[in-house]
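Here is what each chain is made of, one letter per residue.
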Amino acid sequence: MNEDGTSVEAIAGEIVRGYMREEPREKDGMGKSKQEVNKLKSVNQGLIDNGTEENRECVGIHGRISSDRMREYLQLYLVVGSVDCKEDPVKVVSEALEGGATLVQFREKGPGSLTGEARLELAGRLRALCHSAGALFIVNDDVELALAVDADGVHIGQEDEAADCVRARIGERILGVSAITACEARSAIHQGADYLGIGPIYPTSSKKDARAVQGPQVLKTLRAQGIAAPIVGIGGITAARAAEVVSARADGVAVISAITQADDAQGAAATLKREVLRALASSSSASASQGSEA
Ligand SMILES: Cc1ncc(COP(=O)(O)OP(=O)(O)O)c(N)n1
Ligand SMILES: Cc1nc(C(=O)O)sc1CCOP(=O)(O)O
Ligand SMILES: [Mg+2]
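You'll find the protein entered in an unreviewed UniProt entry as Thiamine-phosphate synthase, with Paenibacillus motobuensis given as the organism. Turning to the protein, the UniProt annotation filed under Sequence similarities (unreviewed entry) states: "Belongs to the thiamine-phosphate synthase family."

Notes on the pairing of strand β4 (residues 153-156)
Residues G153 and H155 of β4 are buried on one face, and the alternating residues V154 and I156, pointing to the opposite face, are buried as well. The pairing of strand β3 (residues 136-140) with β4 spans 3 bridges and is parallel. Looking at β4, one finds that N140 is bridged to H155. Each parallel crossover has a hand, and for β3 linked through helix α7 (residues 143-148) to β4 it is right-handed.

Concerning the site of ligand 1
Near ligand 1, the surroundings consist of 15 residues, among which R107, K109, D160, S178 and K207 are the closest. One of the side-chain N or O atoms of R107 is found 2.7 Å from an oxygen atom in ligand 1. Within the side chain of D160, a nitrogen or oxygen atom sits 2.9 Å from an oxygen atom of ligand 1. Considered on its own, ligand 1 offers 430 Å² of accessible surface; in the complex 90% of this is hidden by protein. In a pocket analysis with a 2 Å cut-off to the grid points, ligand 1 is assigned to the largest pocket.

Some details on the packing of helix α5 (residues 89-99) against helix α6 (residues 116-132)
Put simply, α5 and α6 touch, their axes get as near as 10 Å, and they point 15 degrees apart. Comparing their axes, α6 and α5 come out roughly parallel. Judged by the sense of rotation from one axis to the other, the crossing of α5 with α6 is right-handed. Residues P89, V90, V93, S94 and L97 of α5 form the contact with α6, whose own contacting residues are L122, R125, L126, L129 and C130. By residue class, the composition of the contact of α5 with α6 is 8 nonpolar, 1 polar and 1 charged.

Topic: the confidence of the model for the protein
Confidence along the protein averages 86 in pLDDT terms, with 78% of residues attaining 70 or more. Every residue in residues 1-6 scores below 50 in pLDDT, and together they form 5 contacts with partners more than four places removed in sequence or on other chains. Scored below 50 in pLDDT, residues 16-40 makes 37 contacts in the model with residues more than four places away or belonging to other chains. Reported confidence for the predicted complex is 1.00 by ipTM and 0.85 by pTM.

Some remarks on the site of ligand 2
Around ligand 2, a shell composed of R107, G199, P200, T204, S206, K207, I234, G235, G236, V255, I256 and S257 is seen. Between S257 and ligand 2, the recorded distance is 2.6 Å, taken from a side-chain N or O atom to an oxygen atom. Protein coverage of the free-state accessible area of ligand 2, which is 430 Å², stands at 93%. In this structure the site holding ligand 2 corresponds to the largest pocket. Tallied by class, the residues present in the shell around ligand 2 amount to 4 nonpolar, 6 polar and 2 charged.

Re the packing of aromatic side chains
Here the structure, examined in full by the defined rule, presents 2 aromatic pairs. With centroids separated by 5.9 Å and ring planes inclined at 65 degrees, the aromatic side chains of Y77 and Y195 adopt a geometry described as edge-to-face. Here Y77, found in strand β1 (residues 76-80), pairs with Y195, found in strand β6 (residues 195-198); they are 118 residues apart in sequence, far enough to count as distant. Each member of the pair, Y77 as well as Y195, carries the same accessibility label: buried. A cation over an aromatic ring shows up here: R241 above the ring of Y202, its NZ or CZ 4.4 Å from the ring centre.

Details of the UniProt feature "binding site: 4-amino-2-methyl-5-(diphosphooxymethyl)pyrimidine" (unreviewed entry) in the protein
Here the UniProt feature "binding site: 4-amino-2-methyl-5-(diphosphooxymethyl)pyrimidine" (unreviewed entry) sits at Q105, F106, R107, E108, K109, N140, S178 and K207. For the largest pocket, the lining residues drawn from the annotated set are Q105, R107, K109, N140, S178 and K207. Turning to its location among the elements, F106 is positioned in strand β2 (residues 103-106). Excluding anything up to four places from it in sequence, F106 contacts V80, R119, L122, A123, L126, F137, I138, V139, N140 and L145. By secondary structure assignment, the location of E108 is in the loop between β2 and α6. Note on E108: relative accessible area 7%, which makes it buried. Not counting the four nearest positions on each side in its chain, E108 is found in contact with G81, S82, S113, L114, R119 and L122.

Things to note about the coordination of the magnesium ion (ligand 3)
Around the magnesium ion (ligand 3), the donor atoms from the protein are D141 (OD) and D160 (OD), and they sit 2.1 Å away. Residue D141 is located in the loop between β3 and α7, and its partner D160 is located in the loop between β4 and α8 (163-170); the two are separated by 19 residues in the primary sequence. For D141, a relative accessible area of 25% corresponds to the partly exposed category.

About the thresholds
Residues numbered from 1 in each chain as written. Chains lettered and ligands numbered in written order. Predicted model: local features only at pLDDT ≥ 70, side-chain atom pairs only at ≥ 80, totals over all residues. Heavy atoms only, no water. UniProt positions renumbered as here; feature names shortened; annotations may be inferred. Buried < 20%, exposed > 50% of the residue type's maximum accessible area, 1.4 Å probe, protein only. Helix = DSSP H or I, 4+ residues; strand = E, 2+ residues; numbered from the N terminus. Pairing = 2+ DSSP bridges. Right-handed = clockwise from strand over helix to strand, strands pointing away. Near = heavy atom within 4 Å. Polar contact = N/O pair within 3.5 Å; in protein donor to acceptor, adjacent residues only side chain to side chain. Areas by Shrake-Rupley, 256 points an atom, 1.4 Å probe, with all protein chains shown as cover. 1 Å grid on protein atoms, 1.4 Å probe; cavity = no way out; pocket = protein on both sides within 12 Å on 5 of 7 lines; lining within 4 Å. Sits in = over half its atoms within 2 Å of the grid points. Axes fitted to C-alpha atoms, helices over the stretch in contact; angles between N-to-C directions. Parallel < 35°, antiparallel > 145°, perpendicular 65-115°, else oblique. Left-handed = near helix turned anticlockwise from the far one by under 90°. Contact = heavy atoms within 4.5 Å. Nonpolar A, V, L, I, M, F, W, Y, C, P; charged D, E, K, R; others polar. pLDDT = per-residue confidence, 0-100. Phe/Tyr/Trp six-rings, centres within 6.5 Å; stacked < 30°, edge-to-face > 60°. Lys NZ or Arg CZ within 6 Å of the ring centre and 35° of its normal. Donors = N, O, S within 2.8 Å, 3.2 Å for Na, K, Ca; no water.

As structure tokens, this is what we get:
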């Protein structure tokens with residue numbers, strides 16, 4: 001509850017309704033024309049429109065997201081908070097979406113991060129941007145914030161609230177869980193995870209309390225141990241390393257610095273996306289030719 005007696009949910013509702021009322025509009029908050037927004041949507045395949053039936057399918061009205069759909073959204077996953085960005089986070093996210101990011105996680109944590117209404121407002125703003133571009137919007141750690149801004153889902157780690165409790169609180173929204181062992185992965189899936197975040201694959205400077213570096217081998221090992229769930233690799237991933245991560249059988253890559261610290265966030269996202277798509281195509285043609293030899 002705020003000092004004036006308004007609840008966080010009420011403020012969030014107003015913010016989110018404000019964005020939803022205004023869309024679609026001739027120009028969005030970033031000054032994009034309808035044509036530009038449509039172009040963004042076509043960059044992001046598997047599209048959702050804010051407030052349409054197709055959008056609701058992704059966020060839980062029609063049941064949990066399918067694994068196939070989840071895999072598509074994991075292709076280029078931007079994890080972002082205001083402290084990660086060299087520039088205005090709204091600009092960074094907008095450019096990343098233009099470059100082809102398919103999912104954005106709002107991870108507003110650490111020294112200097114936003115709190116209270118500013119945090120809520122930024123979350124609402126990024127959610128609206130993501131939906132305008134046909135991307136998903138997920139909140140890190142904070143279930144209350146995710147529900148307040150009507151996010152598509154929540155990402156939690158092994159040290160956060162238990163996955164089954166979060167699943168109960170978020171209904172059919174998307175649940176992502178961090179894991180590195182097959183035991184953690186199986187338990188997360190059993191408790192309702194829709195995808196797994198596996199890392200750090202490489203050394204990272206973006207998370208001070210990251211676990212030991214795993215290398216891409218962890219992905220192959222998990223697959224060999226029968227973990228078939230949608231997986232995104234995270235930690236130290238750059239455009240030069242993205243193909244290696246996907247070839248090790250991740251469905252996509254999650255990055256902070258490769259986009260938020262780039263001079264050209266759109267270009268960085270586009271290059272990452274191209275590498276991911278190229279690696280996915282060559283993995284699927286390799287498995288098709290293995291199948292035809294069998
Ligand atoms: C996609 C993705 N994978 C892993 C993480 C890390 O989550 P967690 O271990 O809970 O650490 P914090 O991000 O909360 O510091 C993630 N955020 N996203
Ligand atoms: C948020 C996060 N989680 C990690 C994990 O290993 O679970 S690594 C990480 C930070 C990723 O940032 P960058 O792309 O800049 O390395
Ligand atoms: Mg966490």
